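Chain by chain, the residues run as shown.
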Amino acid sequence: MEVKRRTADSLVVKLSSVSEKTRNEALCELRLISKHDAESRSLIAGAGAIPYLAETLYSSSHEAQENAAATLLNISISSKDSLMSTRGLLDAFSHILRNHSSTCPAAVQSSAAALYSLLIVDSYRHSIGAKRDIVYALIDIIRSPSSPPRSIKDALRALFGVSLYPLNRSTMIHLGAAGPLFGLILKDGRVGIVEDATAVVAQIAGCEESVEAFRNISGISVLVDLLDMSTGSSMRIKENAVSALLNLATCGEGRVMEDFRLMDLGVVDGILNVAEHGTDKGKSKATALLNLIDTKTISSCSGGSSGSDLRDSPRRFNYLLHQSS
């Protein structure tokens, strides 16, 4: 351990060198050590590396930015307090993210991933979410058609972490998150991205401002379509759609029920599918959503057809009858 400590101290000293070559060599070594040796991460942080690494994110060298961001990501795995207590670190991440179109993509991805790592801690979510420039930059990454898929996925995960703190959700809505998120859902077919986008949507749906924002971009209709069995959405997407609709109904009170009245029976089949075959969490939320949609509401959503239409689908009718008993 002592050898590792001396190595960390020596490399941090080199980070302050006037020689760019020496600094870059130290950055490369710190990145490798912090990646492969978990014990060294806290030693590197304790040696005072974080302020130098944060400052390097402002460098004009893309290679230096990449190595510094990757090292910070590695340190975040086990030394989160050291990162969050470093003055100016969030501003440095913000700089990288705001300049995502002109800086090193790998540095952008590592910075977003480091933020997600920090956002795992409940107490950090408010502080990071309060940095509106960071939140806006993450939204801009998922909005930009030139963003690499990896950057979009890392930005989505960071946004998900931000959205876990309830008071951050209205901030995300005000900063325009809804449009880019639904844009990904509608237009992006890349593996995992739609799943991650719907996960964020499900979280931000949990605030009053989301109802109007979603309606303005036909977001509720998109969520309903995702539940239709004919769309072929994955179970994870369906569970996220159920969660979003449930959150909308809870936060929007009666304002969302009219939208539910327009749902056709195919959507109810989708909710039932989640209630029967989803994860335990998904089943619970699907059941709660079904409880909000009574038999009369479902009967009216097929254009005034009678309640006997439900009996044409015994599985659906019996399930709802059981839920209401």
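Here is what the cut-offs are and how they apply
Numbers given to residues run from 1 along each chain, matching the order in which its sequence is written. For this predicted model, a pLDDT threshold of at least 70 governs which residues receive local features, and a threshold of 80 or more governs which side-chain atom pairs are given and counted, while totals over whole chains, interfaces and linings are taken from all residues. Side-chain metrics rest on all non-hydrogen atoms present in the structure, leaving aside hydrogens and water. When two rings of Phe, Tyr or Trp (its six-membered ring) have centres within 6.5 Å they constitute a pair, described as stacked for plane angles under 30 degrees, edge-to-face for angles over 60, and tilted for the intermediate range. We count a stretch as a helix when DSSP gives it H or I for four or more residues in a row; a strand needs E for two or more, and each element gets its number in order from the N terminus. Accessibility here uses a 1.4 Å probe with only protein chains present; expressed as a share of the type maximum, an area under 20% marks a residue as buried, one over 50% as exposed, and anything in between as partly exposed. Any helix carries an expected span of 1.5 Å times its number of residues minus one. What the arc covers is the set of directions going from the helix axis to the C-beta atoms. Each reported salt bridge corresponds to a side-chain nitrogen of Lys or Arg within 4 Å of a carboxyl oxygen of Asp or Glu.

*Asks:* Looking at this model, I keep getting lost on the packing of aromatic side chains. Mind explaining?
*Replies:* In this description, an aromatic ring pair is defined by two values, namely the gap between the centres and the angle between the planes. In the structure shown here, the tally under the stated rule is one aromatic pair. With a centroid separation of 5.1 Å and 85 degrees between ring planes, the pair formed by Phe182 and Phe214 is classed as edge-to-face. Residue Phe182 is found in helix H13 (residues 178-187), and its partner Phe214 is found in helix H15 (residues 209-216); the two are separated by 32 residues along the sequence. Exposure class is identical for Phe182 and Phe214. Each is buried.

*Asks:* Looking at this model, I keep getting lost on helix H20 (residues 280-292). Mind explaining?
*Replies:* Two residues of an α-helix separated by three or four positions point the same way, owing to the 3.6 residues in each turn. In this model, H20 (13 residues) spans 19 Å end to end at C-alpha, consistent with the 18 Å of a helix rising 1.5 Å per residue. For H20, every residue scored as buried is listed here: Gly282, Ala286, Thr287, Leu289 and Leu290. Looking down the long axis of H20, one finds its buried residues gathered within 160 degrees of arc, a one-sided arrangement. Along H20, exposed side chains directed more than 90 degrees from the buried face belong to Asp280 and Lys281.

*Asks:* Would you mind showing me how to read the pattern of salt bridges here?
*Replies:* Side chains that carry opposite charge are capable of pairing whenever their charged atoms lie near each other. Tallied over the entire structure, the rule returns eleven salt bridges. Residues Arg143 and Asp140 are paired through a salt bridge, measuring 3.1 Å at the closest nitrogen-oxygen approach. Note that Arg143 and Asp140 are positioned in helix H10 (residues 132-143) at a spacing of three residues, about one turn of the helix. You can call Arg143 partly exposed: its relative accessible area is 36%. What makes Asp140 partly exposed here is its relative accessible area of 24%. Of the charged contacts, one joins Arg236 and Asp196 as a salt bridge, the two residues approaching to 2.9 Å between their closest N and O atoms. With Arg236 in helix H17 (residues 235-252) and Asp196 in helix H14 (residues 193-204), this pair connects stretches of sequence that are 40 residues apart. In this structure Arg236 comes out as partly exposed when scored by relative accessible area, which is 40%. You can call Asp196 buried: its relative accessible area is 7%. Each of Lys153, Arg157, Asp196 and Arg236 takes part in salt bridges that share partners, so that together they form one network.

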